[in-house]
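Inside the fold
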Amino acid sequence: MRAFAILPVAAMALGVAVLPVRGAPDGATLFARCAACHTKTGAGVPGVYPPLNADFRALATKDAGRRYIVLAVTRGVMGPLTVEGKPYAGVMPSHGTIDDAGIAAVLNHVGTQASKTGPAFKAFSEAEVGRLRASGASLSPAEVGKLHAGAGGK
Ligand code: HEC
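Here we summarise the structure given alongside this text. Just so it is clear, the model here is predicted, and its values are computed rather than measured.

1. A short note on the overall build of the protein chain
- Along the protein chain, the regular secondary structure elements total seven helices and four strands.
- For the protein chain, the N- to C-terminal ordering of α and β elements is α-α-α-α-β-β-β-β-α-α-α.
- Across the 154 residues of the protein chain, 41% fall into the buried class.
- Roughly 8800 Å² of accessible area belongs to the protein chain as shown, and the carbon and sulfur atoms make up 64% of that amount.

2. Some thoughts on the pattern of salt bridges
- This structure, assessed with the given rule, holds two salt bridges.
- With its nearest N and O atoms 2.7 Å apart, the salt bridge here joins Glu-128 to Arg-66. Of this pair, Glu-128 sits in helix H6 (residues 126–135) while Arg-66 sits in helix H4 (residues 63–75), and the two are 62 residues apart along the sequence. You'll find Glu-128 and Arg-66 in the same group, each marked buried.

3. Comments concerning the coordination of the iron atom of the ligand
- Surrounding the iron atom of the ligand are the protein donor atoms His-38 (NE2) and Met-92 (SD), at 2.0 to 2.1 Å.
- If you look at the iron atom of the ligand, its six donor atoms make angles of 85 to 180° with each other, and the shape they trace is octahedral. With a gap of 54 residues between them, His-38 in helix H2 (residues 27–38) and Met-92 in strand S4 (residues 91–92) connect regions that are remote in the sequence.
- Taking the relative accessible area as the measure of exposure, His-38 reaches 10% and is therefore buried.

4. Some thoughts on the packing of H2 against helix H5 (residues 100–114)
- At their nearest, the axes of H2 and H5 sit 8 Å apart, and the two run at 80° to each other. Compared by their axis directions, H2 and H5 come out roughly perpendicular. For the pair formed by H2 and H5, the contact residues are Gly-27, Ala-28, Leu-30, Phe-31 and Cys-34 on the first element and Gly-102, Ala-105, Val-106, His-109 and Val-110 on the second.
- Class assignment for the residues of the contact of H2 with H5 results in seven nonpolar, three polar and no charged.

5. Focus: the packing of aromatic side chains
- All chains considered together, the criterion is met by two aromatic pairs.
- On the numbers, 6.1 Å between centres and 45° between planes, the contact of Phe-121 with Phe-124 is tilted.
- On the basis of relative accessibility, which here comes to 18%, the residue Phe-121 falls in the buried class.
- Using a relative accessible area of 4% as the deciding quantity, one classes Phe-124 as buried.
- Feature note: the residues Phe-56, Phe-121 and Phe-124 constitute an aromatic cluster, connected by ring pairs.
- Across from the ring centre of Phe-124, 4.1 Å away, lies the NZ or CZ of Arg-66, which sits over that ring.

Conventions and cut-offs
- Just so you know, the residues in each chain are numbered from 1, in the order the chain's sequence is written.
- Per-residue local features of the predicted model are confined to residues with pLDDT of at least 70, and side-chain atom pairs are confined, for both listing and counting, to 80 or more; whole-chain, interface and lining totals are unaffected and use all residues.
- Based on all heavy atoms of the structure, the side-chain values leave hydrogens and waters out of the count.
- Secondary structure elements are taken from DSSP: a helix is a run of H or I of four residues or more, a strand is a run of E of two residues or more, and numbering for both begins at the N terminus.
- Only protein chains enter the calculation, and the probe is 1.4 Å; a residue is then buried if its accessible area is under 20% of its type maximum, exposed if over 50%, and partly exposed in between.
- Only the protein chains shown count as cover for residues, with accessible areas throughout obtained via the Shrake-Rupley method and a probe of 1.4 Å.
- The term salt bridge refers to a side-chain nitrogen of Lys or Arg lying within 4 Å of a carboxyl oxygen of Asp or Glu.
- Coordination shells were defined by N, O and S atoms within 2.8 Å of each metal, extended to 3.2 Å for Na, K and Ca; water is absent from the atom set, which can make sites look incomplete.
- Note on geometry labels: four donors, all angles 85 to 135 degrees, give tetrahedral; four donors become square planar and six octahedral when opposite donors are over 155 degrees apart and every other angle is between 65 and 115; remaining cases are irregular.
- Note on method: axes are straight lines fitted to C-alpha atoms, helices fitted across the in-contact stretch only, with angles between N-to-C directions ranging 0 to 180 degrees.
- If an angle is under 35 degrees, it is roughly parallel; if it is over 145, roughly antiparallel; if it lies from 65 to 115, roughly perpendicular; otherwise it is oblique.
- It only takes one pair of heavy atoms within 4.5 Å for two residues to be counted as in contact.
- Here the term charged refers only to Asp, Glu, Lys and Arg, the term nonpolar to Ala, Val, Leu, Ile, Met, Phe, Trp, Tyr, Cys and Pro, and the term polar to all other amino acids, Gly among them.
- Only the six-membered ring of Trp is used, alongside the rings of Phe and Tyr, when aromatic pairs are assigned; centres must lie within 6.5 Å, and planes under 30 degrees apart are stacked while those over 60 apart are edge-to-face, with the rest tilted.
- Charge-over-ring contacts are defined here by two conditions on Lys NZ or Arg CZ: a distance within 6 Å of the ring centre and an angle within 35 degrees of the ring normal.

Written out as structure tokens, the structure reads:
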């Protein structure tokens, strides 16, 4: 027992961070998966991969938009979509294997680090992601895409 009590102190003395046993998911790390298409900054590739910027922030101000965002990531999304004036007709694969806490973390990373234009960003909680994911658990990527037009994006 004694040795365990001393461990954190020893770690601190060595300048090593004492990590919790089960850490919160890291949005920046998870975002690497998104950056493969949406790019590191979230700027995207015009006409191919939409930017995660003004449309994202605008969507995140409305319930319908928050639902669309969560379902786009958990179910996948297929256009046609118009994002910041440009048409997109590709397919985003589902990232539904990421748990609710991880989806919240990656969306909060997008909302604060990638998406810089538009209204203030309200963070997603794990519980909200769980509720919104469940609300569209049987939707296809094309059905999710149809939600975009009425969800308050740019
Ligand atoms: C394989 C490429 C790819 C990956 C990986 C990917 N996306 Fe996408 N994403 C797309 C494409 C393509 C679209 C638009 C679909 C279309 O063209 O119809 C899209 C659309 C979106 C949208 C809707 C944007 C809008 O304004 O309507 C969000 C939000 C989004 N992605 C978030 C993410 C997040 C978060 C991740 C990482 C967890 C991610 N994407 C990973 C390709 C990808």
